[in-house]
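Chains, contacts and geometry: an overview
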Amino acid sequence: MAIHQKNLLEPDFPFSLGIADNLEFPPHWHEEIEIVYMLDGNMQVGLNKETYLLGPRDIFIIGRRNVHHFISSAEPNYSVIIQFGLSFLGSFSSIIRDAQFISPLLGVSKKLDTNIDSRVHSAVEEQILAMIQENEEKKEGYQMALRARLFDLMVILVRQVPMQHFSSREKNRQISRLKKLDKVLDYIDTNYDKSITLSEISDIANYSPYHFTRFFKDTTGMTFNEYINSVRVKKAEEYLLDVELPVTEVAYMSGFNSIQTFNRVFKKHKGCTPTEYRKRKNR
C-alpha cells in the first residue's frame, strides 16, 4: 500500500477513464492529474488536510503530487475516475506543470462553498460526459476524440478556475515532504502486523514525535493512529475471506493487540463486526 503510485498509465497514451463502485483507497499521490465525476450517491474525499463531500454531478480535481484518499461509505456510490499524465497535453503541459487549481470542487449543490460559476461546471461536465461516451463506444479515432475533449476541458479550467503557481523552492519542499511520507508509509505497510510506536515511526521520517504528528496530519489529513488502523482493517478484510482462519487469529495477524480493540475499530470503519463482515462476504 505504498503511498506513491507509479506508472499508472501507458506511456504511449497516458490517459485512463473508468467507473468506480464504492471507491475506497488510503492516502496516496501520483504524478498524474485526476478528475472525479460523481454519477450517483455521496462520497468523501480527503485532499491534503481537507475533506470534501461529493454528491451527484459534482466534479473534483486532484492535482499532481497531491496526497488524497477516498473514504469508505456505508451507502453505495458510483463515480467516474479520469487520470492523465502531463505528457498527454504535449507542449501545453507547462501551463499547469507547477500549479494547481485553488478550488478543487466544482459543485452543483447550493450548499457548497464555491465561487465557481455554475456555467463553468456545466461546460466541464459536458466534456466529461462526451469522454465517457467516446470511451464506451470506442469508435474509430476515439483516442483522438478523448484527447480533443480533454484539451477543451483543460482550456475551460485554465481560463475560469483560479490557479496557484509554485516557486522552485515550494516545489522542492513538497517533493521532500512526499519522499519522507513514502518512507513512513512503506514502513507501515511492511510492519502493520507489529506494534509501531510514535517514537519509532518519527525516527523513520527524522522528526521528533511532536513534529511528526503535525507533519503526518498536515500531509495526509489523518492522524497516525487513524491511518494505521485503516491499513489494519483493510488487511483484516482480506484475511476474513479465508473462513478457515479464526477471527482472533485475523485480529493478531492484522496488528491488533486484542480482539476487543479489533472488533471496535473494525465496526467503526465498516459498520459491522468482523464476524458479520465474513458472513456477508461468504454468502
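Being a predicted model, the structure only gives us computed values, none of them experimental.

All chains considered together, the criterion is met by 14 aromatic pairs. An angle of 50 degrees between the planes, with centres 6.2 Å apart, marks the rings of Phe212 and Phe215 as tilted. With Phe212 and Phe215 both in helix α5 (residues 209-220) and three residues apart, the pair spans about one turn of that helix. When sorted by exposure, Phe212 lands in the same class as Phe215, which is buried. With a centroid separation of 6.1 Å and an interplanar angle of 75 degrees, the aromatic rings of Phe212 and Phe224 are classed as edge-to-face. Of this pair, Phe212 sits in helix α5 while Phe224 sits in helix α6 (residues 224-240), and the two are 12 residues apart along the sequence.

All right, on to the sheet that holds strand β6 (residues 59-62) then. An order of β1-β8-β3-β6-β10 is seen for the five strands of this open sheet, with the pairing classed as antiparallel. With partners counted over all chains shown, the strands left at the sheet margins are β1 (15-21) and β10 (105-106), one partner each. The sheet contact formed by β1 and strand β8 (residues 78-84) spans seven bridges and is antiparallel. Note on β8: the bridge partner recorded for Phe15 is Phe84. Of the strands in this sheet, β1, β3 (33-40), β6, β8 and β10 touch helix α1 (residues 118-137), which is tilted by about 90 degrees from β3.

Okay, the nonpolar core next. For soluble globular proteins, the rule of thumb is that nonpolar side chains tend to be buried together. In this structure, Phe15, Phe84 and Ile128 are the most contacted members of the largest nonpolar core, which totals 31 residues. Elements represented by at least two residues in this core include exactly β1, β3, β6, β8, β9 (99-101), α1 and α2 (142-160). The element best represented in this core is α2, accounting for six residues. Sequence-distant contacts of Ile128, that is, excluding residues within four places in its chain, are made with Ile35, Tyr37, Ile59, Ile82 and Leu153.

Another point: unusual backbone geometry. The phi dihedral of Asn22 falls on the positive side, at around 50 degrees, and the residue is not glycine. With respect to the element layout, Asn22 can be found in the loop between β1 and β2 (25-28). The class for Asn22 is partly exposed, based on a relative accessible area of 33%. Of note in the backbone geometry, Lys138 takes a positive phi value of approximately 50 degrees without being a glycine. Along the chain, Lys138 turns up in the loop between α1 and α2. Residue class for Lys138 comes out partly exposed when judged on its relative accessible area of 45%.

Quick look at the packing of helix α4 (residues 198-205) against α5 now. Any two packed helices are characterised by the angle at which their axes cross and by the distance between the axes. Their axes nearest at 9 Å, the elements α4 and α5 cross at an angle of 75 degrees. For the element pair α4 / α5, the angle class is roughly perpendicular. Every residue of α5 that contacts α4 at Leu198, Ser199, Ile201, Ser202 and Ala205 is listed here: Pro209, Phe212 and Thr213. Taken together, the residues of the contact of α4 with α5 sort by class into five nonpolar, three polar and no charged.

Below, the discussion takes up the pattern of salt bridges. Summed over all chains, the structure comprises 11 salt bridges. A salt bridge links Arg64 to Glu31; the nearest nitrogen and oxygen atoms lie 2.9 Å apart. On the criterion of sequence distance, the pair formed by Arg64 in the loop between β6 and β7 (68-71) and Glu31 in the loop between β2 and β3 is long-range, its members being 33 residues apart. A salt bridge links Lys270 to Glu237; the nearest nitrogen and oxygen atoms lie 3.5 Å apart. Linking Lys270 in helix α8 (residues 259-270) with Glu237 in helix α6, this pair joins segments that are 33 residues apart in sequence. A single network of salt bridges, built from pairs that share partners, joins Glu24, Lys234, Glu237 and Lys270.

Bringing the layout of surface pockets into the picture now. Of the voids in this model, the largest pocket is the one considered here, and its volume is about 940 Å³. Contributing to the lining of the largest pocket are 32 residues, with Glu24, Ile71, Ser72, His269 and Lys270 lying nearest its centre. When contributions to the lining of the largest pocket are tallied by element, the ones reaching two or more residues are β2, β7, α6, α8 and α9 (274-281). Looking at the lining of the largest pocket, the element that brings in the most residues is α6, giving eight residues. The residue makeup of the lining of the largest pocket, split by class, is 12 nonpolar, 11 polar and nine charged. As a volume, the second largest pocket reaches approximately 690 Å³. Along the wall of the second largest pocket there are 23 residues; nearest its centre are Asn48, Asn66, Gln100, Phe166 and Gln174. Contributions of two or more residues to the lining of the second largest pocket are made by β5 (50-54), β9, α3 (168-191) and α5. If one sorts the elements of the lining of the second largest pocket by residue count, α3 sits on top with five residues. In terms of residue class, the lining of the second largest pocket is built from nine nonpolar, seven polar and seven charged.

What counts and what doesn't
- Residues numbered from 1 in each chain as written.
- Predicted model: local features only at pLDDT ≥ 70, side-chain atom pairs only at ≥ 80, totals over all residues.
- Heavy atoms only, no water.
- Phe/Tyr/Trp six-rings, centres within 6.5 Å; stacked < 30°, edge-to-face > 60°.
- Helix = DSSP H or I, 4+ residues; strand = E, 2+ residues; numbered from the N terminus.
- Buried < 20%, exposed > 50% of the residue type's maximum accessible area, 1.4 Å probe, protein only.
- Pairing = 2+ DSSP bridges.
- Contact = heavy atoms within 4.5 Å.
- Axes fitted to C-alpha atoms, helices over the stretch in contact; angles between N-to-C directions.
- Core = buried A, V, L, I, M, F, W, Y, C linked by side-chain atoms within 4.5 Å.
- Parallel < 35°, antiparallel > 145°, perpendicular 65-115°, else oblique.
- Nonpolar A, V, L, I, M, F, W, Y, C, P; charged D, E, K, R; others polar.
- Salt bridge = Lys/Arg side-chain N within 4 Å of Asp/Glu carboxyl O.
- 1 Å grid on protein atoms, 1.4 Å probe; cavity = no way out; pocket = protein on both sides within 12 Å on 5 of 7 lines; lining within 4 Å.
- Points joined across faces, edges and corners; volume = space filled by probe spheres on them.

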